[in-house]
Amino acid sequence: MRDANKTIKGTMRNVPIMEIKNIVLRFGGVVAIQDISFDIFEGEIRAIIGPNGAGKSSMLNVINGFYHPQDGEVWFRGKKRAAMKPYQIAHQGIARTFQNIALFKGMTALDNIMTGRFTHMRKGIWSQIIWRGAASQEEYENREIVEKVIDFLEIQHIRKTPVGALPYGLQKRVELGRALAAEPQLLLLDEPMAGMNVEEKEDMSRYILDVNSEFGTTVALIEHDMGVVMDISDRVVVMDYGKKIGDGSPDEVRNNQAVIDAYLGISEK
Amino acid sequence: MLYREVGEFKTSYSEDSQTFPIRFDKYRYFFVLIVGLLFVPFVINDYWAGAVLLPFLIYSIAAIGLNILTGYCGQVSLGTGGFMAVGAYASYKLMTAFPDLNILFIIIISGFVTAIVGTLFGLPSLRIKGFYLAVATLAAQFFLIWLFNKVGWFYNYSASGMITSPSRSLGTFLITGPDATPAAQYLFCFLFVFLLAWVARNLTRGKIGRSWMAIRDMDIAAEIIGVNPLVAKLSAFAISSFYVGVAGALFFSVYLGAVEVTEAFSIQKSFIVLFMVIIGGLGSIFGSFAGAAFMVLLPVALKNLLVLQFGWPVDIAAHLEFIIIGGLIVFFLIVEPHGLAQLWNLLKQKLRLWPFPY
Ligand SMILES: Nc1ncnc2c1ncn2[C@@H]1O[C@H](COP(=O)(O)OP(=O)(O)O)[C@@H](O)[C@H]1O
Ligand SMILES: [Mg+2]
């Protein structure tokens, strides 16, 4: 996988890979996002937290093109992004996982992760028809990268298992694998640890930290478990009722009164 | 241990992605090829060609085509009969307009013509799914049949409204027309089946096949990995229609020789091919063959057994056929959506362990 661009924690250059500027998103009368701005630095782990319905998932959907905001701008790598379809954004190097697992149920774990290589496979229809030569060559090269992802996530034993037959925790891991296989520059994770037990959460935290430190992948994640968020993230955005009520390092956020009132206070009761 | 997977170790990714990873399967495949090419042509006669082999080969192509669209890409189509008619009429127009054009090219160009028509009728799939798409393709079916019936240009204004295939040959062998031999026709169809199955296998095992399956399983997730739904769906419609068009062209020019469109390519054809795909197995090329074989052989077997052996009346045997097919459709849809292909896999798994289960 990507070894260049490696960013070592503590030597962060604070270059924003993504800037969210004054995003407003409405569904009819419901204002899901109210004038929110924040940025994501290259190489950091950025957490987005907030109570249910705060608009966190909607924010990821804006970033990867499922929702089109009524107002505001998304800047990626220093350029204002035009309105794009989700598949075009995937080709820019943004991958994600979903809050509710969105795997391809009819395919094996291996095939699911292979689909993650889609943006890297360029051979046209005629070479695929012939298969031998160019297309098979490309397939095997990409398979090699996928095998590295499989090793990294320690899921060798379930390679050929249809994902529908896997337990929840492993499905979440395969979904992460599919996103990683894309070798994204920005990885969006929507509640990657929801519904997991402590051990699975620890594993998942470790994978996220390793992806970030080993491959330099920028990560933006939504998470409810405050312990995990405080442990692994560099900076945290706090949302409540579609508004941003806090932004800063985990310590700053923890001591922010508005955040304590809106979120921490409630969850620590 | 009739069937062994043990002792088969893969040391490279190319070995791991073979079509027939188990040696026994590969032998069986070569066995079928050798019998199909070196034995059958010498023993084939009019009865076997007409009742079993030609329809089996041609329906296999149609079933693979529909399986690409429905089994792999998840887009339902009830327009198969209509698209077969497009292939048939394209081949007829080409044969009559260009008498010197090689029959091989005629069939292939007919496939391309059908691909274009199929892609046009696939456009609604970008907006609608499932039941509504099925209805839209049903409309395509009726529209196409009406068109070929109504517009004289398509049947060269023949008095009967039928189209009749002129004699065309490949090298010295007559392929179409009343004087073509069953062996030549069989080999001609065999060639297409072999090539098209191989192409389908290559397409479905790589990038484009995975993009179809991704659209089928979860279109939202397909988009976030970079699949353009428009390209994936329309390519499935185009390639699927190519197959169905080739099948239609062969069905008319090689198999039937003369066609009345409302009879040969009615909605019933659409259902027959759909049943082949469901019974054989959605999303399986082997299943397309199994389904085609089953649907072609069942009436022949029932007729031979019940009518000729036991002296049952013909109509009772025909009704029994409907009951069996209906029952199987319900069974496969509810219990085993991967059809005969999956039953075959299960059987292999059992054989692999037999007689020493772990
Ligand atoms: N597609 C949609 N249509 C209508 N309302 C939506 C849609 N998506 C999200 N919302 C609304 O936007 C608000 C924020 O939802 P969401 O982003 O899912 O919150 P979170 O992920 O923080 O729990 C909620 O009130 C939700 O009902
Ligand atoms: Mg959410």
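Just above sits the structure.
A few points on the structure. Remember, predicted model here, so these are calculated numbers, not experimental data.

About the cut-offs
- Residues numbered from 1 in each chain as written.
- Chains lettered and ligands numbered in written order.
- Predicted model: local features only at pLDDT ≥ 70, side-chain atom pairs only at ≥ 80, totals over all residues.
- Heavy atoms only, no water.
- Pairing = 2+ DSSP bridges.
- Helix = DSSP H or I, 4+ residues; strand = E, 2+ residues; numbered from the N terminus.
- Contact = heavy atoms within 4.5 Å.
- Axes fitted to C-alpha atoms, helices over the stretch in contact; angles between N-to-C directions.
- Buried < 20%, exposed > 50% of the residue type's maximum accessible area, 1.4 Å probe, protein only.
- Lys, Arg positive; Asp, Glu negative; His and termini not counted.
- Salt bridge = Lys/Arg side-chain N within 4 Å of Asp/Glu carboxyl O.
- Polar contact = N/O pair within 3.5 Å; in protein donor to acceptor, adjacent residues only side chain to side chain.
- 1 Å grid on protein atoms, 1.4 Å probe; cavity = no way out; pocket = protein on both sides within 12 Å on 5 of 7 lines; lining within 4 Å.
- Points joined across faces, edges and corners; volume = space filled by probe spheres on them.
- Nonpolar A, V, L, I, M, F, W, Y, C, P; charged D, E, K, R; others polar.
- Buried area = accessible area lost by both parts, 1.4 Å probe.
- Donors = N, O, S within 2.8 Å, 3.2 Å for Na, K, Ca; no water.
- Expected span 1.5 Å × (residues − 1).
- Arc of directions from axis to C-beta.

Let's talk about the sheet that holds strand E5 (residues 79–80) of chain A
Residues and elements named next belong to chain A.
- What the 4 strands build is an open sheet, ordered E2-E1-E4-E5; its pairing is antiparallel. This sheet does not close on itself; its edge strands, each paired only once, are strand E2 (30–41) and E5.
- Of the pairings in the sheet, the one linking strand E1 (residues 16–27) to E2 comprises 8 bridges and is antiparallel in character. Within the sheet, the bridge partner assigned to Pro 16 lies in E2 and is Phe 41.
- Those strands touched by helix H1 (residues 56–63) are E1, E2 and strand E4 (71–76), and its axis lies near 115 degrees from that of E1.

A closer look at the side chain of Glu191(A)
All names here are of chain A.
- Tracing the sequence through the fold places Glu 191 in the loop between strand E7 (186–190) and helix H7 (198–215).
- The side chain of Glu 191 is buried and forms no salt bridge, while Lys 56, the nearest opposite charge, is found at 4.7 Å.
- Only 3.2 Å separates the side chain of Glu 191 from the side chain of His 224, close enough to count as a polar contact.

Here's the deal with the layout of surface pockets
Residue and element names in this part refer to chain B.
- There is about 720 Å³ of room inside the second largest pocket.
- Lining the second largest pocket are 31 residues, with Gln 268, Ile 272, Met 295, Pro 299 and Glu 321 positioned closest to its centre.
- Contributing elements (two or more residues each) for the lining of the second largest pocket: helix H3 (46–72), helix H10 (229–256), helix H11 (261–264), helix H12 (267–280), helix H13 (285–309) and helix H14 (314–334).
- By residue number, the principal contributor to the lining of the second largest pocket is H13, which donates 8 residues.
- Looking at the lining of the second largest pocket residue by residue, the class counts come to 22 nonpolar, 5 polar and 4 charged.

Description of the interface of chain A and chain B
- Listed per partner, the contact involves 37 residues of chain A and 31 residues of chain B.
- Both faces considered, chain A and chain B share a buried interface measuring about 3,000 Å² in area, 66% of it formed by carbon and sulfur atoms.
- Across the contact surface, chain A and chain B share 1 salt bridge.
- Scanning the region where chain A abuts chain B turns up 7 residue pairs in polar contact (both at pLDDT 80 or more).
- Contributions of two or more residues to the side of chain A that touches chain B are made by helix H2 (86–91), strand E6 (94–97), helix H3 (109–115), helix H4 (125–130) and helix H5 (134–152) of chain A.
- A per-class count over the side of chain A that touches chain B returns 19 nonpolar, 7 polar and 11 charged.

Considerations on the coordination of the magnesium ion (ligand 2)
Residues and elements named next belong to chain A.
- Looking at the magnesium ion (ligand 2), one finds its protein donor set to be Ser 57 (OG) and Gln 99 (OE1), positioned 2.1 to 2.2 Å from the metal centre. Linking Ser 57 in helix H1 with Gln 99 in the loop between E6 and H3, this pair joins segments that are 42 residues apart in sequence.
- Judged by its relative accessible area of 23%, Ser 57 is partly exposed.

A closer look at H7(A)
Residue and element names in this part refer to chain A.
- If you check H7, its first and last C-alpha atoms are 25 Å apart, about what 18 residues at 1.5 Å a residue would give, namely 26 Å.
- Among all positions of H7, only Lys 201, Met 204, Ser 205, Tyr 207, Ile 208, Val 211, Asn 212 and Phe 215 are buried. All buried residues of H7 fall inside an arc of 160 degrees around its axis, so they share one side. Away from the buried face of H7 by more than 90 degrees, exposed residues Val 198, Glu 199 and Glu 202 are located.
- In the core, the buried residues of H7 are packed alongside strand E3 (45–49), H5, helix H6 (168–181), E7, strand E8 (218–222) and helix H8 (226–232).
- Its side-chain oxygen 3.2 Å from the backbone nitrogen of Glu 199, Asn 197 forms the N-cap of H7.
- Following H7 by one or two positions, Gly 216 adopts a phi angle in the positive range, close to 70 degrees.

Remarks on the environment of Asn64(A)
- Residue placement: Asn64(A) occurs in the loop between H1 and E4.
- In sequence terms Asn64(A) and Gly242(A) are 178 residues apart; their C-alpha atoms lie 18 Å from each other.
- With sequence-adjacent residues up to four places away left out, Asn64(A) is seen in contact with Pro86(A), Ile89(A), Arg96(A), Leu188(A) and Ile224(B).

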